[in-house]
Amino acid sequence: MPPDARFLAEEGVVIPPTYLLRKGKIQWQAIHQRLTEAAYPSRSPNENLADINAALASLRSGQQALQNLCRRFGRTKLHHYMAALKELSAAYLKNTLRPYHGQVLKATERLDDGHQIVLSIRFEADQIGFDFSGTSPVHPFNLNANISIVYSAVLYVLRLLCQREIPLNEGLMKHIRIVLPESSFLHPRFSDDPAKCPAVVGGNTEVSQRLVDTLLKAFGQVACSQGTMNNFLFGNEQFGYYETIGGGAGAGNDFHGRSAVHQHMTNTRITDPEELEFRYPILLRQFAIRRDSGGGGRWRGGDGLIRELEFRQAMEMTLISQHRREAPYGAAGGRPGQKGKQFIIRQDGTREPLDGIATQTLSAGERLRIETPGGGGFGE
């Protein structure tokens, strides 16, 4: 996750559409060759292959479950209920958004470096338009998203608005139209040459969060959550470690925000302290709730986290985060959550502030302290 990467090829191994399984045989040798012979090769190809194998196992599990349904109920009945589920989801959403018909909702959110996400939602009789015209151009570094990330964020927020346990399906997008300006950092142009494609890793982890913040801001039903995954990486020539760190959730009408959790477009658990210290030359000095970092209001935003680690060996660390300059917004008169911050603690106790996107080499005995953002409050 190099924060200074300007092109896709600089972010690691780029794998074009490639057969993983062909004629019943897994192409492990070919995949391993790609991982080790790229311009920026993998440091731990065996770990990468294990991850790919786990993904393949999940696909096979889904395949078997679908085949079992076909055998039990028949393909005709299965297709019928799949279509019915999509129609039911579309109907739920249409009914949920009926009060907005004829309205235009607008919202703008800024990344910490000033890049803007501009959104206008127009509700018409048979269609709902999400228009991102006015969004900033392609990002010079890795905070570029793509059309798939935008669609995923919109789909996620639509499911939230329905307030029902609706299985994920494309029925929710039946009456949705998305307008994305080309050459924006939400929809950059990609070529067949990775050396000419924009860098994207922060678009996946960070811009996805900021997209959700913008969408929810337009509807005004909940305050901003921490709006970042706080991507933290460290390693050397022998190993690499990556984790994401939770923070405060935004409050809403009739509920406080949860503290010290991941929310929205994330799906990871953090490594247990015992496992972290057993496998890596790290001491976890503090892992605690960042008290009173949530925004005030009738309903308080959730508090962020404090995570402080001491390095036992010299190594390089990287942090990619947001809401270090722009505070998570409050809603309906609620106060914003506190911004995140981070700094290096040298061996003599000196504290050196770090930017929210940074790479540093630390010596043995030095520490990194990360304080994640709190959620916004709701109501005066």
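Placed above this text is the structure.
Residues numbered from 1 in each chain as written. Predicted model: local features only at pLDDT ≥ 70, side-chain atom pairs only at ≥ 80, totals over all residues. Heavy atoms only, no water.

**Observations concerning the overall build of the chain**
Here comes step 1: Along the backbone of the chain there are 6 helices and 15 strands.
Here comes step 2: Taking 380 residues into account, the globule formula puts the C-alpha radius of gyration at 21 Å, and the chain, at 22 Å, falls close to it.
Here comes step 3: Here the C-alpha coordinates of the chain stretch approximately 65 × 65 × 40 Å along the principal axes.
Here comes step 4: Each of the 380 residues in the chain was classed as buried or not, and the buried ones make up 45%.
Here comes step 5: In the chain, 70% of the contacts between residues at least 6 apart in sequence involve partners at least 24 apart.
Here comes step 6: Surface exposure of the chain reaches about 19900 Å², of which carbon and sulfur atoms provide 48%.
Here comes step 7: Of the side chains in the chain, 44 bear a positive and 39 a negative charge, and the two mean positions are spaced by 8 Å. (Helix = DSSP H or I, 4+ residues; strand = E, 2+ residues; numbered from the N terminus. Rg over C-alpha atoms; globule rule 2.2 N^0.38 Å. Buried < 20%, exposed > 50% of the residue type's maximum accessible area, 1.4 Å probe, protein only. Contact = heavy atoms within 4.5 Å. Areas by Shrake-Rupley, 256 points an atom, 1.4 Å probe, with all protein chains shown as cover. Lys, Arg positive; Asp, Glu negative; His and termini not counted. Charge placed at Lys NZ, Arg CZ, Asp CG, Glu CD.)

**Describing a nonpolar patch on the surface**
Here comes step 1: A contiguous nonpolar patch, built from Leu66, Leu69, Phe73 and Met82 and spanning about 340 Å² of accessible area, is present on the exposed surface.
Here comes step 2: With 3 residues, the top contributor of residues to the nonpolar patch is helix 2 (residues 45–73).
Here comes step 3: Here methionine 82 is to be found in helix 3 (residues 75–96). (Patch = residues over 30% accessible without salt bridge, like charges linked within 9 Å, V, L, I, M, F, W, Y side chains within 5 Å. Salt bridge = Lys/Arg side-chain N within 4 Å of Asp/Glu carboxyl O.)

**Regarding the sheet that holds strand 13 (residues 351–353)**
Paired through backbone hydrogen bonds, the strands of a sheet run either parallel or antiparallel to each other.
Here comes step 1: Spatial ordering of the open sheet is given by 9-10-15-12-13, a layout of 5 strands whose pairing is antiparallel. Both edges of this open sheet fall to strand 9 (282–290) and strand 13, since each of them pairs with a single strand only. Neighbour to neighbour, the strand axes of the sheet diverge by 20 degrees on average, direction disregarded.
Here comes step 2: Alignment of strand 10 (residues 304–311) against strand 15 (residues 367–371), held across 5 bridges, turns out to be antiparallel. Bridge pairing in strand 15 links isoleucine 306 to glutamate 371. (Pairing = 2+ DSSP bridges. Axes fitted to C-alpha atoms, helices over the stretch in contact; angles between N-to-C directions.)

**Overview of the packing of helix 2 against helix 3**
Here comes step 1: Orientation of helix 2 relative to helix 3, taken along the N-to-C sense of each, is 115 degrees, at an axis distance of 7 Å. Overall, the two elements helix 2 and helix 3 adopt an arrangement that is roughly perpendicular. The segment helix 2 lies against helix 3, with Leu66, Leu69, Cys70 and Phe73 engaging Arg75, Lys77, Leu78 and Met82.
Here comes step 2: Here the contact of helix 2 with helix 3 is built from residues that sort into 6 nonpolar, no polar and 2 charged. (Parallel < 35°, antiparallel > 145°, perpendicular 65-115°, else oblique. Nonpolar A, V, L, I, M, F, W, Y, C, P; charged D, E, K, R; others polar.)

**Notes on the nonpolar core**
Here comes step 1: If you look at the biggest cluster of nonpolar residues, it comprises 42 residues, and the most contacted ones within it are Phe130, Phe132 and Leu186.
Here comes step 2: Put simply, the parts of the chain that give this core at least two residues each are strand 3 (104–110), strand 4 (116–123), strand 5 (128–131), helix 4 (147–162), strand 6 (176–179) and helix 5 (201–219).
Here comes step 3: Once residues lying within four places of it in the same chain are set aside, the contact partners of phenylalanine 130 are Leu119, Ser120, Ile121, Val154, Leu158, Ile176, Arg177, Ile178, Val179 and Leu215.
Here comes step 4: Within the second largest apolar cluster, 21 residues are counted, among which are Leu305, Leu309, Met317 and Ile344. (Core = buried A, V, L, I, M, F, W, Y, C linked by side-chain atoms within 4.5 Å.)

**A closer look at the packing of helix 4 against helix 5**
Here comes step 1: Closest axis-to-axis distance for the helix 4/helix 5 pair is 9 Å, and the angle between their directions is 40 degrees. Looking at the two axes, helix 4 sits oblique to helix 5. Of the two possible hands of crossing, helix 4 and helix 5 adopt the one that is right-handed. Between helix 4 and helix 5, the contacting residues are Ile149, Val150, Ala153, Val154, Tyr156, Val157, Leu160 and Leu161 on the first element and Gly203, Asn204, Ser208, Leu211, Val212, Leu215, Leu216 and Phe219 on the second.
Here comes step 2: Here the contact of helix 4 with helix 5 is built from residues that sort into 13 nonpolar, 3 polar and no charged. (Left-handed = near helix turned anticlockwise from the far one by under 90°.)

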